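Each chain is listed here by its residues.
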Amino acid sequence: IADNFFRKVSVERSTELEFGGRIGAFFMIFLLPTITVILLLMCSQKDPSLMNFPPALPSLDAVWDVQVFGLVVLWFFFQALLYLLPVGKVVEGLPLRSGKRLKYRINGFYAFILTALVLGVAHYQGVDLSYIHANFLQFSVSAMILSVLLSLYLYVRSCWVPQEDLAPAGNSGNVIYDFFIGRELNPRIKSFDLKYFCELRPGLIGWVSISYILGKLDAPSPAMMLVNGFQLLYVADALWNEEAILTTIDIVHDGFGYMLAFGDLVWVPFTYSLQSFYLVNHPSALSLTWLVTIITLNLIGYFVFRKANSQKNAFRRNPADPKLSHLRTIPTATGKSLLVSGLWGFVRHPNYLGDLIMALAWSLPCGFSHILPYFYIVYFTCLLIHRDARDEKQCRRKYGSAWNEYCRQVRYRIFPGIY
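Residues numbered from 1 in each chain as written. Predicted model: local features only at pLDDT ≥ 70, side-chain atom pairs only at ≥ 80, totals over all residues. Heavy atoms only, no water.

A.B. asks: Would you mind going over the UniProt feature "transmembrane region" (unreviewed entry) in the protein chain in detail, with residue names and values included?
C.D. replies: With numbering aligned to this structure, UniProt lists the feature "transmembrane region" (unreviewed entry) at residues 23-42, 62-85, 106-124, 136-156, 256-279, 285-305, 326-347 and 367-386. From the first C-alpha to the last, residues 256-279 spans 34 Å; its make-up is 83% helix and 0% strand. Within residues 367-386, the helical portion is 60% and the strand portion 0%, while the C-alpha atoms at the span's ends are 28 Å from each other. (UniProt positions renumbered as here; feature names shortened; annotations may be inferred. Helix = DSSP H or I, 4+ residues; strand = E, 2+ residues; numbered from the N terminus.)

This is the structure we're talking about:
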């Protein structure tokens, strides 16, 4: 048995390590939960200014409760049950290294609607949803524990999968790095795709559900209505266009390990809802002019984001589509082409630009008294610049001279005239 085990895991090693390599992965494992807890503790303070940093350490009762953990697990399995419903179309993902194409059921929007109905019925029946706000830190810690347990399961099961099922960068031979980055590309339990499920279901739907519940505690104010409305549009759009995620770097390239598990189950629902959590205790007044300005800004960001992503996903799936014939392209040695017109001729990542414009619109309703509600746009800017660097490296290796010509024609990466 031992010989068989070592034979199965003795595969080609990943040599190019990302995120600071082994040391970076080690610190990220502990840094991400620490940042999440600090943000929530700061938001809970009457005056969440830098003068009151760091926040006081909470008691054990304030961070852990068995009942809360049970509710988090119940939420996870409730979303898994919705994922298994035989509704929605079944589509194929992009070809894997083996040439195989996995099948995915597209029913995220149905899950979103059913979740909204359940929450609506619960509110109508008098269920005390404010319990989530009162125990917000406990919910986040329980989600952290669940993400760690899931990550351990993912790492252990990856030791028995064929080499062709490993992610391109998930097999360095270092336990900590591989645990963090994820070894297996598409871990599945029969037809249940764990990474695909976690990308859009428990965390993303959890995020907008949390924002909705927090909004109920705020009266609601115009600022809270803006934040909730913007984020509801974003999540509904993601789930309506669920098929598009099959062409993203998370699905196509990254393994499923602690990085994505923590991001999906903890980081998204508990830091992306930070503006709503902040506004519950720190309401912000908005003039009519300022309100119209913020709405306009979000609509511009959404238009750029949706238009760019729609073009990209349609082009990746069928470059010969007559609807795309007006777009200029650069041929590459791989047989694929690079878009150099429309929004994709404006900057290299117009979808990132739209995302960041919306991120700013989500933060502005919170006012300018504290920097805390602007954490999202600061973090998201760093994330997308880092992701752009990863894309740049992979595309230069893949497309060679064609990529150099693309960069010559499309000079700016995200911010026109700046970067």
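A.B. asks: Which residues make up the packing of aromatic side chains, and what are the values?
C.D. replies: Enumeration over the complete set of coordinates arrives at 37 aromatic pairs. Put simply, the rings of Trp207, Tyr234, Trp267, Tyr272, Phe305, Trp362, Phe375, Tyr376, Tyr379 and Phe380 pair up and form one aromatic cluster. The lysine or arginine in question, Arg188, covers the ring of Tyr104, its NZ or CZ lying 4.9 Å from the ring centre. (Phe/Tyr/Trp six-rings, centres within 6.5 Å; stacked < 30°, edge-to-face > 60°. Lys NZ or Arg CZ within 6 Å of the ring centre and 35° of its normal.)

A.B. asks: Could you give an account of a nonpolar patch on the surface, naming the residues involved and the relevant values?
C.D. replies: A cluster of nonpolar side chains, namely Leu60, Trp64, Val66, Ile145, Val148, Leu149 and Leu152, defines an oily patch on the protein surface of about 630 Å² accessible area. With four residues, the single largest contributor to the nonpolar patch is helix α7 (residues 136-158). Assignment of secondary structure puts Ile145 in helix α7. (Patch = residues over 30% accessible without salt bridge, like charges linked within 9 Å, V, L, I, M, F, W, Y side chains within 5 Å. Areas by Shrake-Rupley, 256 points an atom, 1.4 Å probe, with all protein chains shown as cover. Salt bridge = Lys/Arg side-chain N within 4 Å of Asp/Glu carboxyl O.)

A.B. asks: Please give an account of the pattern of salt bridges that cites residues and values.
C.D. replies: Any two side chains of opposite charge can pair, given that their charged atoms come close. Per the stated rule, a full pass over the model turns up twelve salt bridges. Between Arg157 and Glu184 there is a salt bridge; the shortest N-O distance is 3.0 Å. Here Glu184 lies in the loop between α8 (175-181) and β3 (188-189) and Arg157 lies in helix α7, a separation of 27 residues in the sequence. In terms of burial, Arg157 and Glu184 fall into one category: buried. Linking Arg348 and Glu392 is a salt bridge whose minimum nitrogen-to-oxygen distance equals 3.1 Å. With Arg348 in the loop between β6 (337-339) and α16 (350-363) and Glu392 in helix α17 (residues 375-399), this pair connects stretches of sequence that are 44 residues apart. No difference in accessibility class separates Arg348 from Glu392, as the two residues are buried. Here the salt bridges share partners, and the residues they tie into one network are Arg348, Glu392 and Arg396. (Buried < 20%, exposed > 50% of the residue type's maximum accessible area, 1.4 Å probe, protein only.)

A.B. asks: I'd like a rundown of the side chain of Ser276, residues and numbers included.
C.D. replies: Looking at the element boundaries, Ser276 is found in helix α14 (residues 274-281). For Ser276, the side chain forms a polar contact with the side chain of Ser211, separated by 3.5 Å. In this view, Ser276 contacts Ser211, Leu214, Met224, Val227, Asn228 and Gln231; residues no more than four positions away in its chain are not counted. (Polar contact = N/O pair within 3.5 Å; in protein donor to acceptor, adjacent residues only side chain to side chain. Contact = heavy atoms within 4.5 Å.)

A.B. asks: Tell me about the confidence of the model for the protein chain, residues and numbers included.
C.D. replies: Across the protein chain, the average pLDDT comes to 88, with 95% of residues at or above 70. Summarising per-element confidence for the protein chain, the mean pLDDT is lowest in helix α1 (residues 2-9) (39) and highest in helix α4 (residues 66-83) (97). Across residues 1-11, confidence stays below pLDDT 50; counting only partners more than four residues off in sequence or on other chains, it has ten contacts. (pLDDT = per-residue confidence, 0-100.)

A.B. asks: Pulling in residues and values, what's your account of the environment of Gly173?
C.D. replies: Its location among the elements puts Gly173 in the loop between α7 and α8. Remark: the alpha-carbon pair of Gly173 and Arg183, spanning ten residues in sequence, is separated by 10.0 Å.

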